[in-house]
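# Structure at a glance
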Amino acid sequence: DPKIIQKPKYLVAVTGSEKILICEQYLGHNAMYWYRQSAKKPLEFMFSYSYQKLMDNQTASSRFQPQSSKKNHLDLQITALKPDDSATYFCASSQQAPLFGEGTRLSVL
Amino acid sequence: QQQVRQSPQSLTVWEGETAILNCSYEDSTFDYFPWYHQFPGESPALLIAIRPVSNKKEDGRFTIFFNKREKKFSLHIADSQPGDSATYFCAASERGNNNAPRFGAGTKLSVKP
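Assigned secondary structure in chain B consists of zero helices and eleven strands. The secondary structure elements of chain B, listed N-terminal to C-terminal, are β-β-β-β-β-β-β-β-β-β-β. Against the compact-globule benchmark of 13 Å for 113 residues, chain B has a radius of gyration of 13 Å, which places it among compact chains. Projecting the C-alpha coordinates of chain B onto the three principal axes gives extents of approximately 40 × 30 × 20 Å. Every one of the 113 residues in chain B was classed for burial, and the buried ones make up 43%. Surface accessibility of chain B: about 5,700 Å² in total, with carbon and sulfur atoms responsible for 45%. The centroid of the 13 positive side-chain charges in chain B is displaced by 6 Å from the centroid of its 12 negative side-chain charges.

Right, here's the structure in full:
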């Protein structure tokens, strides 16, 4: 059974719309992260949270907003979607080396 | 600014050979260095990791060699198998368990039978 659950697995959106990517982990980890992977930038770090607090933000655009309603949740809200946002978005959690979820494959048309 | 540099971009070896993947870093505060592999359509999976207190870490056919002075580390895959064909990512993170690793650009390894 997957311990880091990402929903949905595939997502198609139109330019200008808003989507929320869901992530839940059942590993008891305090730290959670979002990474993005595309052909242009493999495994690009976006955000890290620890105990539901933002620790690091390497995403230049405010269109990307993480949301943590519970300790084991870290969702990612993306507004005003652009075709360049098309990528696979990985959620991860860790006590030491991050373990990755299966990813959400986002296509923006 | 790329914090972790990885080479080569792609590597082809024959079955049974040793594949050598290289990484370097700039930031002296990095003190944890994991390697991941990723098969097509899957997420990255942790393979092996090292801290600078050691200059070598082995796990089966996989060995990390670490050179703190030169800020370089490498992954050696002995007796390479076709099933090892994947993209390999090195990473580095700062002191503290909750610091997110920064990843290299990846090496696509192909092992020919």
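Once that is clear, we can look at the state of the cysteines. Disulfides are covalent bonds that connect the sulfur atoms of two cysteines. All names here are of chain A. Per the stated rule, a full pass over the model turns up two disulfides over all chains. Put simply, Cys23 and Cys91 are joined by a disulfide, and their sulfur atoms are 1.9 Å apart. In this structure, the disulfide formed by Cys23 and Cys91 twists by about -70° around the S-S bond and is classed as left-handed. Placement of the pair is Cys23 in strand β3 (residues 19-25) and Cys91 in strand β9 (residues 87-94), with a sequence separation of 68 residues.

Examined against the element boundaries, Thr88 of chain A turns out to sit in strand β9. Leave out the neighbours within four places in its chain, and Thr88 of chain A touches Tyr35, Arg36, Gln37, Gly103, Thr104 and Arg105 of chain A.

All names here are of chain B. The topology assignment puts Lys57 in strand β6 (residues 56-59). Those residues in contact with Lys57 that sit more than four places away from it in its chain are Ile48, Ala49, Ile50, Phe62, Thr63 and Ile64. In terms of polar contacts, Lys57 uses its side chain to reach the backbone carbonyl oxygen of Ala49, at 3.0 Å.

Of the consecutive residues Lys7 of chain A and Pro8 of chain A, the connecting peptide bond is found in the cis state with omega at -10°. Mapped onto the fold, Pro8 of chain A is located in the loop between β1 (4-7) and β2 (10-13). In this structure, Pro8 of chain B follows Ser7 of chain B across a cis peptide bond, with omega equal to -10°. Residue position: Pro8 of chain B is located in the loop between β1 (4-7) and β2 (10-14). Even without being a glycine, Gln52 of chain A presents a positive backbone phi close to 65°. Tracing the chain through its elements places Gln52 of chain A in the loop between β5 (44-50) and β6 (53-57).

Facing 19 residues of chain B, the contacting portion of chain A comprises 21 residues. Where chain B abuts chain A, roughly 1,600 Å² becomes buried across the two surfaces, and 54% of that area is made up of carbon and sulfur atoms. Applying the counting rule to chain B against chain A returns one salt bridge. As a salt-bridge pair, Arg102 of chain B and Asp56 of chain A come within 2.7 Å of each other at their nearest N and O atoms.

Quick look at the nonpolar core now. Within the largest apolar cluster, 25 residues are counted, with the highest numbers of intra-cluster contacts made by Trp35, Phe73 and Leu75 of chain B. Not counting residues up to four positions away in its chain, the partners in contact with Phe73 of chain B are Leu21, Asn22, Cys23, Tyr25, Phe33, Trp35, Ile64, Phe65, Phe66, Cys90 and Ala91 of chain B. Tyr49, Leu81, Tyr89 and Leu106 of chain A belong to the second largest nonpolar core, which has 20 residues in total.

About the criteria used
Residues numbered from 1 in each chain as written. Chains lettered and ligands numbered in written order. Predicted model: local features only at pLDDT ≥ 70, side-chain atom pairs only at ≥ 80, totals over all residues. Heavy atoms only, no water. Helix = DSSP H or I, 4+ residues; strand = E, 2+ residues; numbered from the N terminus. Rg over C-alpha atoms; globule rule 2.2 N^0.38 Å. Buried < 20%, exposed > 50% of the residue type's maximum accessible area, 1.4 Å probe, protein only. Areas by Shrake-Rupley, 256 points an atom, 1.4 Å probe, with all protein chains shown as cover. Lys, Arg positive; Asp, Glu negative; His and termini not counted. Charge placed at Lys NZ, Arg CZ, Asp CG, Glu CD. Disulfide = S-S within 2.5 Å. Contact = heavy atoms within 4.5 Å. Polar contact = N/O pair within 3.5 Å; in protein donor to acceptor, adjacent residues only side chain to side chain. Buried area = accessible area lost by both parts, 1.4 Å probe. Salt bridge = Lys/Arg side-chain N within 4 Å of Asp/Glu carboxyl O. Core = buried A, V, L, I, M, F, W, Y, C linked by side-chain atoms within 4.5 Å.

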